[in-house]
Amino acid sequence: MMLNFTAPKQLSLRPYQMDAVEALRDGIRAGQKRQILVAATGAGKTVIASHLLNEADRKGSYALFMVDRVALVDQTSQTLDDYGINHGIVQGINERWAPNENVQVCSVQTLTRRCLPRSPSLIIYDEAHCQYKDTLAYIEANPQAVAIGLTATPFTPGMGMFWNRAVNVTTTAQLVKDGFLIEPKIFVAKSPEDAELGLNNFGEFTDNSAGAAGIRIVGDVVKEWVKKTAEFFGGPAKTIVFSPTVEHGRELCAAFSAAGFNFQQISYLDRNEDERKEKIREFRREDSLIHGLVSCGVLTKGFDVPDVRVGISCKPYRKSLSSHLQEIGRVMRTAPGKDIALWLDHSGNIERFALDQYDVWENGCGDLSHAEKRDATPRKRDQQTHEKVVCPECGGVLRGNACLACGWEKPARSGIIAVEGELKAFDIAGSALVARSGLRAACLAEPKSVWNAALCYCLEHSRDQSKARKWAYGVWRGVYPDAKLPTGWFDAAAMEPKADAYALVEREINRFRKNNSRRAA
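Residues numbered from 1 in each chain as written. Predicted model: local features only at pLDDT ≥ 70, side-chain atom pairs only at ≥ 80, totals over all residues. Heavy atoms only, no water.

A.B. asks: Can you walk me through the nonpolar core in this structure?
C.D. replies: Considering soluble globular proteins, one finds that nonpolar side chains tend to be buried as a cluster. Ranked by size, the top nonpolar core spans 90 residues in total, and within it Leu37, Leu122 and Trp163 carry the most contacts. Looking at this core, the element that brings in the most residues is helix 13 (residues 349-363), giving 6 residues. Leave out the neighbours within four places in its chain, and Leu122 touches Leu52, Leu53, Ala56, Tyr62, Ala63, Leu64, Ala145, Val146 and Ile148. Residues Cys458, Ala468, Trp476 and Tyr480 belong to the second largest nonpolar core, which totals 26 residues. (Core = buried A, V, L, I, M, F, W, Y, C linked by side-chain atoms within 4.5 Å. Buried < 20%, exposed > 50% of the residue type's maximum accessible area, 1.4 Å probe, protein only. Helix = DSSP H or I, 4+ residues; strand = E, 2+ residues; numbered from the N terminus. Contact = heavy atoms within 4.5 Å.)

The following block contains the structure:
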C-alpha cells in the first residue's frame, strides 16, 4: 500500500523516451523478449521504467522491478510513490511487503528466496550490466515474461549472448546540449603510479594495493578539494568520493575532519542498515550537515542525489570503463541552482579512459556485440596518454585541442614530419631535444617532465615566482644545452613532478653548486 498522501506527480515522457518505449514494443512484437534499454545517466531510465510499470498495473499484469542494492530499493520505491504507482517491496523484513500488488520492487537477493503469488509478465532488471547469475537464472525460469534490462554501460562480456538486442535511447552529448545533464569540469590531480598497484586474477587493479597507495596521498585529496571548491563555489560543496577500501575511506574521513569538514563513509561492510539510511537521508537534504559521502562499493551504480556538485575518484580501474562512467555520472544530473560540476581525478582513470569516455558520450555504446568488448582491454597510462588528455596550463582535461576547464588550446602546427619515408606525429617532447652528453636518466626522454620538475623545485625554493621560472629555465638548459624551451612551457602551471625527474633536477642543482664552490676556492 502506498504511504505517500501528497498529490502524485504527473508521469510524462520526453520525446526521446517515448521513442525508446515504442522501440521496445517493436522488439516485443518481433518476438524479442529480452531487450537492453541503454540510456546515459540522466536520460531517465527510471522514468521510462515507471511508465512501463504503470502500464502493467493499469492492465492488471504482474511486474517486477529488480535491483541489487537496498539503497536502490528505497530510491525506486520513493520514485514510484512520487508517481502514485501502488507497489509492494520484496526485500528482507520490510513493512511494504504486499505481494498481491501488481507492481513489486525487488531486491534480487531476497527474490531468489521468496515465493510470490503470481508469475510475472514483465521483469525490469536495473543495472543489467552486473549480470548476476541468480538474476539471469530467475529470468530464464520465467520465459513467459518480457525482460527489459536497464543500463548506461552494457560493456560486460556475455551480454550479447543473453539479451536479444539493445535499444539506445540518446547520447550523453545530446543530453548535455539539451540541458538535461551538466558536463563536469574535470581535473587530473595527484594519484598513485600504476607501478604501485597490484593486479587480481581478472587483470584489474586490486583494491588493497589501491587503498595502500591511496592512503599516502589523502592529504593531497583534501588540499585539492579545498582549493577547487573555494575557486568554483566559494567554499564547501556537496561531494561524493569513490574509495577502493574501507580503511582508505576511514583515512579520508579523518583527513577531512582534521581540516574541519564532515565527510561520512558508507560501505559494503556497514552492519547498521538504519545508520546508513540516516546518513543517505541527511545527505539528500538541500542544507545537509554532511559535506561529503565516501563510498566503498555501494554508490557506484544508480545512486542519485542531483545536487551533488563534486565527485572525487580515488579507486583506479585498469579495464572497467563501465565503472568509471557509472561513477562520473553521479555528478552530472541537473538541480536548481546547479550550473557547474567538478570531477577531481586522484586515481589516474581519466588518463586511462578519457578517449573512450568521450567516444561513448558523443556516439553512444553501439550494438551489444561491440559494447561488450569495452571492459575487456587494459588501458595504458603513460606520458603519451597524459599529453593527449591533460591540459598543461590547469590540469584540466583536453577534448581534441582545447581544454574544457580553462579554454587553453594547443598551438596550431602541421603535426606531421617526414622520417625515413614514414609519416610520424611531431612530438615536441621527443628526441629533438637532446640531453647533455654523459647524462643517462630514463626521464631524459621526457623533456617536459624534466622542465616541470625543475619548475616545481625552483618554485618551492624561491619566494619570487618570476625569478623561480628563470632559475628553472637555467636548470633545464643545463640538462638540454642546445635546445630551446618549447612555446607555452615557460608560463605553464606546475604539476606534481615525477620522482625520477625531480631527483635529476636536485642532482643537477647540487652539481652546479659544487662546481661553483670549487671555483670560489
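There is more to say after this.
A.B. asks: Sorry if this is basic, but what is going on with the sheet that holds strand 12 (residues 310-313) here?
C.D. replies: Within a sheet, neighbouring strands are paired by backbone hydrogen bonds and run either parallel or antiparallel to one another. Taken together, 6 strands build an open sheet; the order of strands is 8-13-12-9-11-10 and the sheet is parallel. With partners counted over all chains shown, the strands left at the sheet margins are strand 8 (185-188) and strand 10 (263-267), one partner each. Averaged over all pairs of adjacent strands, the angle between strand axes in this sheet comes to 20°, irrespective of strand direction. Sheet topology places strand 8 next to strand 13 (residues 342-345); 4 bridges connect them, and they run parallel. (Pairing = 2+ DSSP bridges. Axes fitted to C-alpha atoms, helices over the stretch in contact; angles between N-to-C directions.)

A.B. asks: In this structure, what is going on with the sheet that holds strand 4 (residues 103-107)? I would like to understand it.
C.D. replies: Across the sheet, which stays open at both edges, the 7 strands sit in the order 3-4-2-5-6-1-7 with parallel pairing between neighbours. Each edge of the sheet is formed by a strand with only one pairing partner; in this case those strands are strand 3 (88-90) and strand 7 (165-168). Across the sheet, the mean angle from the axis of one strand to that of its neighbour is 20°, orientation sign disregarded. The pairing of strand 2 (residues 63-67) with strand 4 spans 5 bridges and is classified as parallel. Following the sheet pairing, Met66 is matched in strand 4 by Cys106. Packed onto the sheet, helix 1 (residues 15-29) meets strand 1 (34-38), strand 6 (146-151) and strand 7 and runs at close to 160° relative to strand 7.

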